[in-house]
Amino acid sequence: MRQNSVKNLTRRSVLAGAGALTAATTLPVCAPAQTMPRKHRVPFGAALEYQHFLEDSDYTALFVEHCDMIFPMNALKWEALQYNQGEFDYLQAEGIIGFAEHLDRATYGHTFVWYTALPDWVQSITSARQAKKVLINHIHNVAGHFAGSVPAWDVVNEVIAHDPRDKGEWRDSVWMRTLGLSHIDIAFAAAAEAAPNAELAINDYDLGSVGPRCQARREAMLTLVRRLQDRGQRIDSIGMQGHLDPDFPIDQEGLARFIRELQSLGVGYRITELDVNDWKLPSDRYVRDEFSADMVDQFLDAAFSTALPLSLSTWGLSDRYTWLSEVMPHRKGAKNRPLPFDENLQPKPMFDVIQRYLAV
Ligand code: XIL
């Protein structure tokens, strides 16, 4: 009955993955200088998709070389973990988290509550009682399973409406429809019970861009933080997704102000999911790469000069694999180039910028 979200996993691809693991984990013996990232003042990480981890050892080796933190891109989402009700499948998540642990790297948990990546049986829930029950059960199971190995969780992801000034501040989801905003309190309480030592975060996008829509998003985020705190619920950090969009330039002042507001509430922040959506930028790769590097520079400049983030991570590591090729392919048919390394795993100007901010 279960449908694995990783398609076409063959014995060959699993063996190739084992090869990646072996190559990566034995590398320190052969070439120590290349296998531990240089010392960074902020941990640098990237999300790794299980299929690529298994099948592309060169790509996986790039994570080994550069990342202080390696974590699953999709393997900790609900549909990957509990596709059928009550049947938890930890194979993919354990693969990547185990890999990170084996290499003595940090990891990160993304995510318990999201409006999408949900199996049909969850999407079709209509009763508040049932929603609460399955939500608590899922979080207890998953957070409990990884307690001690996953130090931080995006407890909720993208709960703020794309434009909070439009039809309400919060994004529609099965959780909102059945439980309203209390689903956030329920999720945080369940996560705190099952993983009492883990950092608990809210993760969302467009928190650093210009314009009234993004200002409204920052305000909505602060509302959520205060709401949890007023209820006595611990909230440790905000994940500030860095899905940068050239249509929405960086609001350096707004971003700095937002980070200071978080600080005054005793809440830290991480820069998560960094990439630049280049689908409308000119096809010329040099122009595109310079533009993207500059945009990342502006974003990091505002953030780092206000307060250092708890980590900085990118959504994937090389242009070889990016979600943007699927959802927003370059409109002139060029290959998307949103990440710090190109599709041949060579560093781009964006990587130089990132390194500058990481340098001790
Ligand atoms: C994306 C993954 O990269 C894709 O592989 C998947 O098909 C859909 O989800 N914001 C998030 C991430 O919080 O979980 C999303 O990841 C990208 C946008």
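The structure presented is a predicted model; accordingly, all values stated were derived computationally and were not measured. (Residues numbered from 1 in each chain as written. Predicted model: local features only at pLDDT ≥ 70, side-chain atom pairs only at ≥ 80, totals over all residues. Heavy atoms only, no water.)

Draft legend 1. Inspection of the sheet that holds strand E1 (residues 44–48) at higher detail. Strand order in the open sheet formed by eight strands is E2-E1-E8-E7-E6-E5-E4-E3, with parallel pairing between adjacent strands. Edge strands, defined here as strands with exactly one partner in the open sheet, are strand E2 (69–72) and strand E3 (109–113). On average, each strand axis in the sheet is tilted by 30 degrees relative to the strand beside it, whichever way the strands run. Strand direction decides the pairing type here: strand E6 (residues 237–244) and strand E7 (residues 268–276), joined by seven bridges, are parallel. Along E7, the bridge assignment pairs Leu244 with Val276. Sitting on the sheet, helix H4 (residues 57–66) is in contact with E1 and E2, with an inclination near 160 degrees to E1. Its contacts with the sheet place helix H15 (residues 349–358) against E1, E7 and strand E8 (312–314), and it is angled at close to 165 degrees to E8. (Pairing = 2+ DSSP bridges. Helix = DSSP H or I, 4+ residues; strand = E, 2+ residues; numbered from the N terminus. Axes fitted to C-alpha atoms, helices over the stretch in contact; angles between N-to-C directions. Contact = heavy atoms within 4.5 Å.)

Draft legend 2. Representation of the nonpolar core within the structure. In this structure, Trp153, Trp175 and Leu312 are the most contacted members of the largest nonpolar core, which totals 99 residues. Setting aside residues no more than four positions away along its own chain, Trp175 makes contact with Trp78, Val113, Trp114, Leu118, Val122, Ala131, Val134, Leu135, Gly180 and His183. Judged by nonpolar contacts, the second largest core, of eight residues, contains Ala47, Met69, Tyr108 and Trp315. (Core = buried A, V, L, I, M, F, W, Y, C linked by side-chain atoms within 4.5 Å. Buried < 20%, exposed > 50% of the residue type's maximum accessible area, 1.4 Å probe, protein only.)

Draft legend 3. Fine view of the environment of Glu101. Tracing the chain through its elements places Glu101 in helix H6 (residues 91–102). The spacing of Glu101 and Ser149 is 48 residues in sequence and 7.7 Å in space, taken between C-alpha atoms.

Draft legend 4. Representation of the side chain of Arg218. Structurally, the position occupied by Arg218 is in helix H11 (residues 212–230). A polar atom in the side chain of Arg218 sits 3.0 Å from the backbone oxygen of Leu207. Apart from residues lying up to four places away in sequence, Arg218 is in contact with Leu207, Gly208, Ser209, Asp251, Gly254 and Phe258. (Polar contact = N/O pair within 3.5 Å; in protein donor to acceptor, adjacent residues only side chain to side chain.)

Draft legend 5. Seen up close, helix H8 (residues 128–145). Here H8 spans 25 Å end to end across 18 residues, near enough to the 26 Å set by a 1.5 Å rise per residue. Buried within H8 are the following residues: Ala131, Val134, Leu135, His138, Ile139, Val142 and Ala143. The buried residues of H8 occupy an angular sector of 140 degrees when projected down its axis, which confines them to one face. Turned more than 90 degrees away from the buried face of H8, the exposed residues are Arg129 and Lys133. Those residues of H8 hidden inside the fold are in contact with helix H5 (78–81), E3, helix H7 (120–123), strand E4 (152–157), helix H9 (174–179) and helix H10 (182–194). (Expected span 1.5 Å × (residues − 1). Arc of directions from axis to C-beta.)

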